[in-house]
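Take a look at the letters that make up each chain.
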Amino acid sequence: MGIVNVTPDSFSDGGQWYDTDVAIAHARHLLTQGADIIDVGGESTRPGAAPVTPGEEAARVLPVVEALAGEGAVVSVDTVNAATAEAVVAAGAQIVNDVSGGLADATMAEAVARAGAVYVIQHWRGTPETMNSLAVYDDVVAEVCGELRERVDQARAAGVQDHQIVLDPGLGFAKNADHNWTLLAHLDAVAGLGYPVLVGASRKRFLSGVVPPALAAEPLARDHATTAVSALAAQAGAWAVRVHEVAATADAVRVAAAWRAHR
Ligand code: PMM
């Protein structure tokens, strides 16, 4: 899953693709590099990011979704707003990627159920402003799995069907570096909930712990570590990995697939 953030302020590629034509061209490039899905986002979830109205968010992502879906691409949209989700599915998106797992907009699950889209339910706590203070767990794997299960139950009660659901442990969302690594090391527990698993580690701060100190502050210097996470996540059974730099990850997940196929 290749990322196209149509925002002026995302943490790792802020502003780079904040123009419809540039965003579409970038998405085409990621598809050429081997992406199977393009995840289009119109609102940054970075703590302190300027809030965006659903209208503004839709205006940013809709032309990109229409163009890519019109070319036959599988398009996902990163949104916590039901109104945006409905609009983008009508425009051809097949996946709604909700980093709040339904907590930000109580009408999201109903909207996804009506639209019939794939629904990525990500784990988070609080809001982008409060999530860092909520990164407190006795047993991060058990608690994240338990909270994801609650989100799944809520989505199913609103009419979302099992075949629509994908789960994401939400690396970096109300988690510190140790929490992220522990969740990665126990992806089988998340997969054990019975749904496909999406992993979003790309360029995140926790990866700075494994790159040379001189490069630690630079998000782009985390791409090789991201590729390694992609390979290991694929080996651990992830359904997809959400990344900024597609070429290396596309090869990494195909290496993992070939490896598995020959066992
Ligand atoms: N991370 C970000 C945004 N959206 N969606 C899912 N499903 N999983 C993630 O881990 C995730 C996400 C934040 O990263 P970005 O600002 O680079 O897009």
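All of these numbers come straight from a predicted model, not from anything done at the bench.

The rules behind each value
Residues numbered from 1 in each chain as written. Predicted model: local features only at pLDDT ≥ 70, side-chain atom pairs only at ≥ 80, totals over all residues. Heavy atoms only, no water. Helix = DSSP H or I, 4+ residues; strand = E, 2+ residues; numbered from the N terminus. Buried < 20%, exposed > 50% of the residue type's maximum accessible area, 1.4 Å probe, protein only. Contact = heavy atoms within 4.5 Å. Areas by Shrake-Rupley, 256 points an atom, 1.4 Å probe, with all protein chains shown as cover. Lys, Arg positive; Asp, Glu negative; His and termini not counted. Charge placed at Lys NZ, Arg CZ, Asp CG, Glu CD. Core = buried A, V, L, I, M, F, W, Y, C linked by side-chain atoms within 4.5 Å. Near = heavy atom within 4 Å. Polar contact = N/O pair within 3.5 Å; in protein donor to acceptor, adjacent residues only side chain to side chain. Nonpolar A, V, L, I, M, F, W, Y, C, P; charged D, E, K, R; others polar. Salt bridge = Lys/Arg side-chain N within 4 Å of Asp/Glu carboxyl O.

Colleague: Break down the overall build of the chain for me, citing the residues and quoting the values.
Modeller: Broken down by element type, the chain carries 9 helices and 8 strands. Counting over 263 residues, the chain shows a buried share of 52%. Considering only intrachain contacts with a sequence separation of at least 6, the fraction spanning at least 24 residues in the chain is 64%. A total accessible area of about 11,100 Å² is found for the chain, and carbon and sulfur atoms account for 56% of it. Separation of charge centres in the chain, based on 17 positive and 31 negative side chains, amounts to 4 Å.

Colleague: Before we move on, could you go through the nonpolar core and cite the residues and values that matter?
Modeller: Within soluble globular proteins, side chains that are nonpolar generally end up buried alongside one another. Ranked by size, the top nonpolar core spans 69 residues in total, and within it Leu68 and Val199 carry the most contacts. For this core, the leading source of residues is helix α5 (residues 140-157), giving 7 residues. Look past the residues within four positions of leucine 68 in its chain and what remains in contact with it is Ile24, Ala27, Ile38, Val40, Ala73 and Val75. In this structure, Met1, Ile37, Val120 and Leu198 belong to the second largest nonpolar core, which totals 7 residues.

Colleague: Just give me the short version of the site of the ligand, but keep the residues and values in it.
Modeller: What surrounds the ligand is a group of 16 residues, the closest being Asp78, Asn97, Asp168, Lys204 and Arg242. Take glutamine 122: an N or O atom from its side chain is 3.0 Å from a nitrogen atom of the ligand. In the model, a nitrogen atom of the ligand is placed 2.7 Å from a nitrogen or oxygen of the aspartate 168 side chain. In terms of residue class, the shell around the ligand is built from 5 nonpolar, 7 polar and 4 charged.

Colleague: Quick rundown of the side chain of glutamate 147? Include the residues and the values.
Modeller: Note that glutamate 147 resides in helix α5. Overall, the relative accessible area of 19% leaves glutamate 147 in the buried class. A distance of 2.7 Å separates the side chain of glutamate 147 from the side chain of histidine 123, its partner in a polar contact. Within the local environment of glutamate 147, its side chain forms a polar contact with the side chain of arginine 125, the two groups lying 2.6 Å apart.

Colleague: Any chance you could break down the pattern of salt bridges for me, citing the residues and the numbers?
Modeller: In total, this model carries 11 salt bridges according to the counting rule given. The partner of arginine 242 in a salt bridge is aspartate 39, and the shortest N-O contact between them spans 2.8 Å. Residue arginine 242 is found in the loop between β8 (240-241) and α9 (246-261), and its partner aspartate 39 is found in strand β2 (residues 37-41); the two are separated by 203 residues along the sequence. With a shortest N-O distance of 3.2 Å, arginine 125 and glutamate 143 are connected by a salt bridge. Placement of the pair is arginine 125 in the loop between β5 (118-122) and α5 and glutamate 143 in helix α5, with a sequence separation of 18 residues. One connected set of salt bridges, linked through shared partners, spans Asp39, Asp78 and Arg242.

Fair warning: the whole summary comes from geometry, so function is off the table for now.
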